[in-house]
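Summary of the model geometry
What follows is each chain in one-letter form.
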Amino acid sequence: MSIRAASRPWRLAALAVAAAVTSGLAIAAPVQASAASTVNYVALGDSYSAGSGVLPLDLSAPLECARSTANYPHDLAAQIGAKLTDVTCGGAETKDFAGSQYPGVAPQLNALSSSTNLVTMTIGGNDNNTFIDAILACGSAGVVTLGFGHPCSSLYGSTFDNQIDSTTYPALVAALNAVKAKAPNARVAIIGYPWIVPAAAVPGCFAKMPIASGDIPYLRELEGHLNSAIQRAAQATGTTYVDVSSASNGHDACQPVGTRWIEPLLFGTNYVPVHPNALGESKMAAQVAGTLGLG
């Protein structure tokens, strides 16, 4: 939950070090690859789709997008034998579907056509800077209180939730409708965000995610609210929602290497923190395949 500058993923990483302180589409037949036909698969979305922070980089993508060839679209395409067009880009917002995110980077919707069979995406976490603002605000407040109390929830209250309801949700509905209009013959799926933090503070978490113990549930509920808005937008537009909340439970950024799907703000293995690692991307691909009945 990447998280609008051309260097947003890099900005998060720099802040982490310096501060020590982020259904149902009406379904015809399941999309299947065969010798006689190829699934034309287009991947849209933000850094959680792009796999920002996971090596190796996709050298065909703009450097600002920090796109990985080990992201879940590549995993899924390999699994089902699809022809993949990947236009995912770190830092993307819903407005970047119809507009150019960076100079020379075409709007993501340009990749869609009537011949597109399958579309997937994660999107919405960067609208209003929800992820980066919440994670950095709570991280900064947590450092000040040495991990005690709930300074972030006391300072911000329902601010982030209100922004999700007032602007992110309608933007998601508009974006999904635009996708379906550009790709009328495609099966469209939007994936929720895997859990970044556990339901409650756990021992050792503060060293990786410097957030006060009382603000861990606050951030968890905020992410749950965002995923709920994404799910409601999917239902309102006849889009398949891929729920990763159950599967990602217990695989948050506070867990050890090999268990976690999300890298922490500090002492992680990705060059972009608070994003899925290679394991997380592969598990997201598996959830998409399972939900859509692919493979």
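Above this note sits the structure.
Attention in this report is confined to the structure presented alongside it. (Residues numbered from 1 in each chain as written. Predicted model: local features only at pLDDT ≥ 70, side-chain atom pairs only at ≥ 80, totals over all residues. Heavy atoms only, no water.)

Let's talk about the pairing of strand β4 (residues 187-191)
Taking burial as the measure, the 5 residues of β4 include 5 buried ones, the bulk of the element. On β4, burial covers both faces: Arg187, Ala189 and Ile191 on one face and Val188 and Ile190 on the other are all buried. Here strand β3 (residues 118-121) pairs with β4 via 4 bridges, running parallel. Bridge pairing links threonine 120 to alanine 189 in β4. In this structure, β4 lies alongside strand β5 (residues 240-242), joined through 3 bridges in parallel fashion. Directly across from isoleucine 190, in β5, lies its bridge partner tyrosine 241. (Buried < 20%, exposed > 50% of the residue type's maximum accessible area, 1.4 Å probe, protein only. Helix = DSSP H or I, 4+ residues; strand = E, 2+ residues; numbered from the N terminus. Pairing = 2+ DSSP bridges.)

A short note on the packing of aromatic side chains
What the rule picks out here adds up to 2 aromatic pairs. Ring plane angle 75° and centroid distance 5.2 Å describe the contact between tyrosine 48 and tyrosine 193, whose orientation is recorded as edge-to-face. You can see tyrosine 48 sitting in helix α2 (residues 47-50) and its partner tyrosine 193 sitting in the loop between β4 and α7 (205-208), a full 145 residues away along the chain. This pair shows no difference in class: tyrosine 48 is buried, exactly as tyrosine 193 is. We note arginine 220 situated over the ring of tryptophan 195; from NZ or CZ to the ring centre the distance is 3.8 Å. (Phe/Tyr/Trp six-rings, centres within 6.5 Å; stacked < 30°, edge-to-face > 60°. Lys NZ or Arg CZ within 6 Å of the ring centre and 35° of its normal.)

Section: the state of the cysteines
Inspection of every chain in the model, using the stated rule, returns 3 disulfides. Between the sulfur of cysteine 138 and that of cysteine 152 lies a disulfide, 2.1 Å long from S to S. The disulfide joining cysteine 138 to cysteine 152 has a torsion of about -70° about its S-S bond and is therefore left-handed. On the criterion of sequence distance, the pair formed by cysteine 138 in helix α4 (residues 130-144) and cysteine 152 in helix α5 (residues 151-156) is long-range, its members being 14 residues apart. The exposure class assigned to cysteine 138 is buried, which follows from its relative accessible area of 0%. (Disulfide = S-S within 2.5 Å.)

A few points about helix α10 (residues 278-292)
Its 15 residues give α10 an end-to-end C-alpha distance of 21 Å, which sits within 8% of 21 Å, the value for a rise of 1.5 Å per residue. For α10, every residue scored as buried is listed here: Gly280, Glu281, Met284, Ala285, Val288, Ala289 and Leu292. Tucked into the core, α10 has its buried residues touching α2, α3 (72-80), β3, β4 and β5. With a side-chain oxygen positioned 3.2 Å from the backbone nitrogen of leucine 279, the residue opening α10 is asparagine 277. (Expected span 1.5 Å × (residues − 1). Contact = heavy atoms within 4.5 Å. Polar contact = N/O pair within 3.5 Å; in protein donor to acceptor, adjacent residues only side chain to side chain.)

Here's the deal with the pairing of strand β1 (residues 40-43)
Here β1 runs beside strand β2 (residues 83-86); their pairing, made up of 4 bridges, is parallel. Of the residues in β2, the one forming a bridge with valine 42 is threonine 85. Note that β1 and β3 share 3 bridges and pair parallel. Bridge assignment links alanine 43 to a residue of β3, and that residue is threonine 120.

Examining the nonpolar core
Counting 51 residues, the largest nonpolar core has Val119, Met121, Val179, Ile190 and Met209 as its most contacted members. When contributions to this core are tallied by element, the ones reaching two or more residues are β3, α4, α6 (159-182), β4 and α8 (216-237). Looking at this core, the element that brings in the most residues is α8, giving 9 residues. In this view, methionine 121 contacts Leu44, Gly45, Ser49, Tyr72, Phe97, Leu176, Val179, Val188, Ala189, Ile190 and Ile191; residues no more than four positions away in its chain are not counted. (Core = buried A, V, L, I, M, F, W, Y, C linked by side-chain atoms within 4.5 Å.)

So, the side chain of aspartate 96
Inspection of the secondary structure puts aspartate 96 in the loop between β2 and β3. A distance of 2.8 Å separates the side chain of aspartate 96 from the backbone nitrogen of glutamate 93, its partner in a polar contact.

Things to note about unusual backbone geometry
What is expected of a backbone is that most residues other than glycine have negative phi and most peptide bonds are trans. A cis amide bond links leucine 55 to the next residue, proline 56, at an omega of 5°. Of note, alanine 66 is a non-glycine position whose phi angle comes to about 50°, a positive value. Summarising the element assignment, alanine 66 is placed in the loop between α2 and α3. For alanine 66, a relative accessible area of 1% translates into the label buried.

Some thoughts on empty space enclosed by the protein
By volume, the largest cavity amounts to about 70 Å³. Taken together, Phe131, Ala134, Ile135, Ile196, Val197, Leu219, Leu222 and Glu223 form the lining of the largest cavity. (1 Å grid on protein atoms, 1.4 Å probe; cavity = no way out; pocket = protein on both sides within 12 Å on 5 of 7 lines; lining within 4 Å. Points joined across faces, edges and corners; volume = space filled by probe spheres on them.)

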